[in-house]
Structure formats: structure tokens, C-alpha cells
Amino acid sequence: MTEAVAVTVLALGRPDILGDIHATPDEFAWLDIGYTSLKLIGFLSAAPLMTRVTPYRLVIATTLVMGAACLIAAIAVARLDILIALRMVQGFAGGTLLVAGQAIVFFVYPRVHQPMLQALFAMGSVVAPATVAPAFQGWLLDTESWTWIFFSVGPLALTAAGLLLIVEVPALPTVVRRRFDWIGLFLVSITLLCFTYVLSQGHRWDWFEEPHILWLTLLGTCGLLGFFGQLVLRRGQGLIDATIFRSDDFCFAFIVSFVAGIALFGSAYLIPTFAISVLAFTPTDAGLLLLPSGACFAGSLLAAAYVMQVRHISPIATVPFGILMIMAGMWMLSGSTSESGAGDMTAGILLRGLGLGFLFLSITITAFGNLASPNLASAIGVFNTGRQVGGLMGVAGLQTLIDHEVMSNLAVLGASITTGVPAVGERLAATTAMLAGRGMDAATAGRAATSLLGRAVTGQSTVIAFDAAFNAVALLFVIAAPLLVSIKIGLHRFAVRRNSAERGRLPPAF
């Protein structure tokens, strides 16, 4: 919960924070870029850190660091540079916390109990930031101020650390300590910083039409290639353990996680943004809009855990249900209008929550079910990185789609809104007469009527653009589903051939 509240603080509090710290949109963007990029670096650095600090102590330390950084951020509201630095600390602590926490659950309990345990863990790591935290933050924004969001993390962190300190320390497997890959960390840090900036800000600069976006993309690509080269030179034992990709189950789950990240983060961006910018919801109402889907999300996680753990159903079996429910939910949301209310959107949002629960637990159990303990932490970090990067790409693509659709719709609708059309003339005349009746002179009323008509056209163009974006998330799975099936078949066949070849090279047993 400490990470869930911190990660979503900028989603609803953006206007309030911008006004209080007197930052430009470009300066404000670094609050998000710093958090996200350092969180990704924390994901990949957690495994080597766990060879130096026990996972139990690492979880306590990162929890306390997260709480302290949030409390200081609530106090240092006037210093943008300090806030950016604190967001980076929060991001690294949050990424490390999630990986170490999930690894402990796998280390301590047998694999047969993992479906239910991972469902419970996902309620804090996935459900909370997607549903509970926005509702909590919206209430704080409307009743107090955005600084109280940061203040609220302090008691959560202290409570969590206190509970961890009083419990019996579980017996954890001994991990062989290896030399820390500082070169790999440097290269991957450059890559993630560049790509996070490009994906989060590219749509504002018209992507590669702006030279600095192009250069950052090239720099990030060079850093990524250098990181892969470093892995090859260290025979797969660099910052991450590349041997995890020898598991076809992990490879498939990693790809599905990337696609699911697009759906999770993309829809989590679209729904509250549509509610606030088009339907004029308050932050509280926008947050509460997602809250019922949290209950469905948690319910489907528990249902999926039950059929896997008690009924012994294969984790892959629930993936189609998750995909179909998400597709149906987003298709229903694509019919929203400027007159829609919370009741009109509830059915689609609930279906989205149900689908995400079935999908995320399945790919989690598939990814880590057969991995050995020594490379498990590295696999968790890479898996979470894939989901987060998929989310960044999904949000960036949807933002670009909405901007493009708004301009296209304005051109199409504007071509039909001319003074020569009788309906347009009647609308302008009626609005002008109404405004004149309220005290405006004729000339001013005419200009105001034209302005109001323009705003109505822009509003309808925006509604159509958001509907296209909701449809795009649904169509994503229409395209991705057959590809994922093909990838699964291909990975399985490749694994069978590789195992057969390895067995053929082994000496005969006596």
C-alpha cells in the first residue's frame, strides 16, 4: 500500500500540485519520469541487492525509506528539485520493495500454496494502485490537499515495518553472492531513463519530429544494446540472470505480461481521464468510479486461485476468460457519451476488473511456477519491468491516438458546421437570442454563441476520440490473442527440441 499510494499520487493531483509548486508542465513531468525510471531500475537491481542484504531486512528498509521520502515530500512542497529527488528515492524503494516482498512469499511457502498467496499479494501490488489508491487520493484532494496523500504514506510505512519487526523471521534460502555488475547497472539506467522520458513525453513533442526525442531514443537504444552485450560477456550472469529465459513458461508469461500491462495501465489512464476531462467528475467521483472494479478484481483473483490450487486447473486455462472479459468491458465503455454517468460505465468497468484478475494471476503462476529459487528474484524483477514498460507504451499510444483523433474529428465535424446549414443557423440564432435575453448586446451574444458552438464541437470530438481509444484496447487483444497462442506453441516446440538435443549429448547412464 505504501507503494500503491505513492505511485498514483500524480494521476489525480496534477492540477493541484502544478498550482502549488508553480512548475511548468515540462518541469512537472520530471516528478513522474524520476519515479517511474527509478522504479524500473529498482526492479532490476533488487535481485543482486538481495544477495547482499537479506530479503527480510531489505523489505523493512525500503518500506521505511518510502515512508520517510513521502513525509519529507509533504513538507518540502515549495522546492521542485527536492521533490524530484524524493520521487526518485520513492521509485527505487518501491521497485525494490515489490520484488523482495514477492520473492519472500515464493521462498517461504511451497509452490502448491502459491496461487492463493499470489492472489493476496496482487491485491496490494496491482489492485490497490489500480482501484483503491485513486479513490483514497480523490477523497483527500477534495477534503484536504495533495500533501496529505504523501502524509498518509507515513503511518502505512510505520505500521508495515512494525508488523515485520515483531513477526518471526522466516528461514530463507541462501543465495550465492556474486560481483555486482556496475557497468550493467549504468547501461540499463541510461536505457530506462531515456525510454521513460520518450514514452511519457513523446506525444507532447510530436514524437520524432522533435530532435531531442530522436536523440534520446537513439541513446536509449545504444544503452540497451550495450546492456545485452554486457550480459553476453558475463555469460548471462550480469545485473539480471538471463538463464530465466531458458524457461518457455517464463518467456510466454513475460510476453503476456507486457500485453496485459498495456491493458491495465492504458485502461487505468483512460477511465479517470475521461471522467474528469469529459464528464466533469470531481477527483473523488473519478476515484470512486474505479473502486467497484477493485472488488471484482480481488474476487476474480481469489476465484482463479481457488480453481488452480483446489481444483488443480492449469493456470493457462483462465487466460482466455480474462482476455474476453477485458475485451467486452472496453467495448462497452466505447459507447460512452458526454451524457454518460457512473451508472452507464459501471458494467464495463466491472467486467474489466474481473478480466484483469483472471489474467494477472494466471501469468504470475505460469511465469514463476517452475523456476528455481536462485534465479527467482531476478525473474520477478524482469517480469515486473516488462509489465511496467508495456504500461508506459500503452499510455503513450493512447495519448497519441486521442490527440490525433481529436484533430481529425474536429476537421470532419467542422466541415459540416457552417453557417449555410439550416440547423447550424437555427442553433446559433437560438443561442444568441438566449444570451441577448440575459443582458448581452447583439454583437457580443453572436460571438458568444459561436464560441459555445465551437466548444460543443470540440467536446464531441473528444468524446469520439476517447471511444476510439476504448475500442483500441479491446482490439489489442483481438490482434494479440492469436499471436500469443502462436508464440506459446512455438516456445513449447523449441523447448522440446532443445531438451531432446541436450539429452542426446548426455553420456549414457549406468
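Residues numbered from 1 in each chain as written. Predicted model: local features only at pLDDT ≥ 70, side-chain atom pairs only at ≥ 80, totals over all residues. Heavy atoms only, no water.

### A few points about the packing of aromatic side chains
To be explicit about the condition: When two rings of Phe, Tyr or Trp (its six-membered ring) have centres within 6.5 Å they constitute a pair, described as stacked for plane angles under 30 degrees, edge-to-face for angles over 60, and tilted for the intermediate range. Per-residue accessibility, obtained with a 1.4 Å probe over protein chains only, is compared with the maximum for each type, and a residue is labelled buried under 20%, exposed over 50%, and partly exposed between these values.
Tallied over the entire structure, the rule returns ten aromatic pairs. Where Phe 245 meets Phe 250, the ring centres are 5.5 Å apart and the plane angle is 70 degrees; that geometry is what we call edge-to-face. Here Phe 245 falls in the partly exposed class, since its relative accessible area comes to 35%. An aromatic cluster is present here, built from Phe 106, Phe 245, Phe 250, Phe 254, Phe 368 and Phe 383 joined pairwise through their rings.

### Section: a nonpolar patch on the surface
This is how the line gets drawn: Nonpolar side chains (Val, Leu, Ile, Met, Phe, Trp, Tyr) within 5 Å and like charges within 9 Å form the patches, drawn only from residues with over 30% relative accessible area and no salt bridge. Here the accessible surface of atoms and residues is derived via Shrake-Rupley with a 1.4 Å probe, and residues count as covered only by protein chains that are part of the display. We define a salt bridge as a contact between a side-chain nitrogen of Lys or Arg and a carboxyl oxygen of Asp or Glu at a distance within 4 Å. Helical segments are the DSSP runs of H or I of at least four residues, strand segments are the runs of E of at least two, and each set is numbered from the N terminus.
On the surface, a nonpolar cluster with roughly 450 Å² of combined accessible area is contributed by Leu 475, Val 478, Ile 479, Leu 483 and Ile 487. Positionally, Leu 483 belongs in helix H16 (residues 442–505).

### What to know about the packing of helix H3 (residues 25–50) against helix H5 (residues 80–108)
What counts, and what does not: For helices, the axis comes from a line fit to the C-alpha atoms of the stretch in contact; other axes are also lines fit to C-alpha atoms, and the angle between any two N-to-C directions lies between 0 and 180 degrees. Here a crossing is called left-handed whenever its near helix is offset anticlockwise from the far helix by less than a right angle, and right-handed whenever the offset is clockwise.
Relative to each other, H3 and H5 sit at 35 degrees, their axes nearing to 7 Å. The chirality of how H3 crosses H5 is right-handed.

### Things to note about the nonpolar core
Using the following cut-off: The nonpolar core is taken to be a set of buried Ala, Val, Leu, Ile, Met, Phe, Trp, Tyr and Cys residues, with the residues joined through side-chain atoms within 4.5 Å. Contacts are residue-level and defined by heavy atoms, with any inter-residue pair within 4.5 Å sufficient.
In terms of nonpolar packing, the biggest core is built from 100 residues, with Phe 250, Leu 270 and Phe 368 touching the most fellow members. Of the residues forming this core, the biggest block, twelve residues, is contributed by helix H10 (residues 248–277). If we skip the residues at most four places from it in the chain, Leu 270 touches Met 330, Leu 398, Ile 402, Phe 466, Ala 469, Phe 470 and Val 473. Val 5, Ala 6, Met 66 and Val 153 belong to the second largest nonpolar core, which has 19 residues in total.

### Overview of the side chain of Ser 267
The test is simple: Distance and chemistry together define a polar contact, namely a pair of N or O atoms within 3.5 Å, with one atom able to donate a hydrogen and the other to accept it when in protein, and with adjacent residues in sequence counting only for side-chain atoms on both sides.
Along the chain, the position of Ser 267 falls in helix H10. Exposure remark for Ser 267: the relative accessible area of 1% places this residue in the buried category. A distance of 2.6 Å separates polar atoms of two side chains, one belonging to Ser 267 and the other to Arg 352.

### Regarding helix H7 (residues 147–166)
Stated precisely, the cut-off is as follows: To estimate the expected span of a helix, subtract one from its residue number and multiply by 1.5 Å.
The terminal C-alpha atoms of H7 lie 30 Å apart, and with 20 residues this matches the ideal 28 Å at 1.5 Å per residue to within 8%. When we look at burial in H7, the residues that qualify are Thr 147, Ile 149, Phe 150, Ser 152, Val 153, Gly 154, Ala 157 and Ala 161.

Bear in mind that shape data such as this cannot, by itself, settle questions of function.
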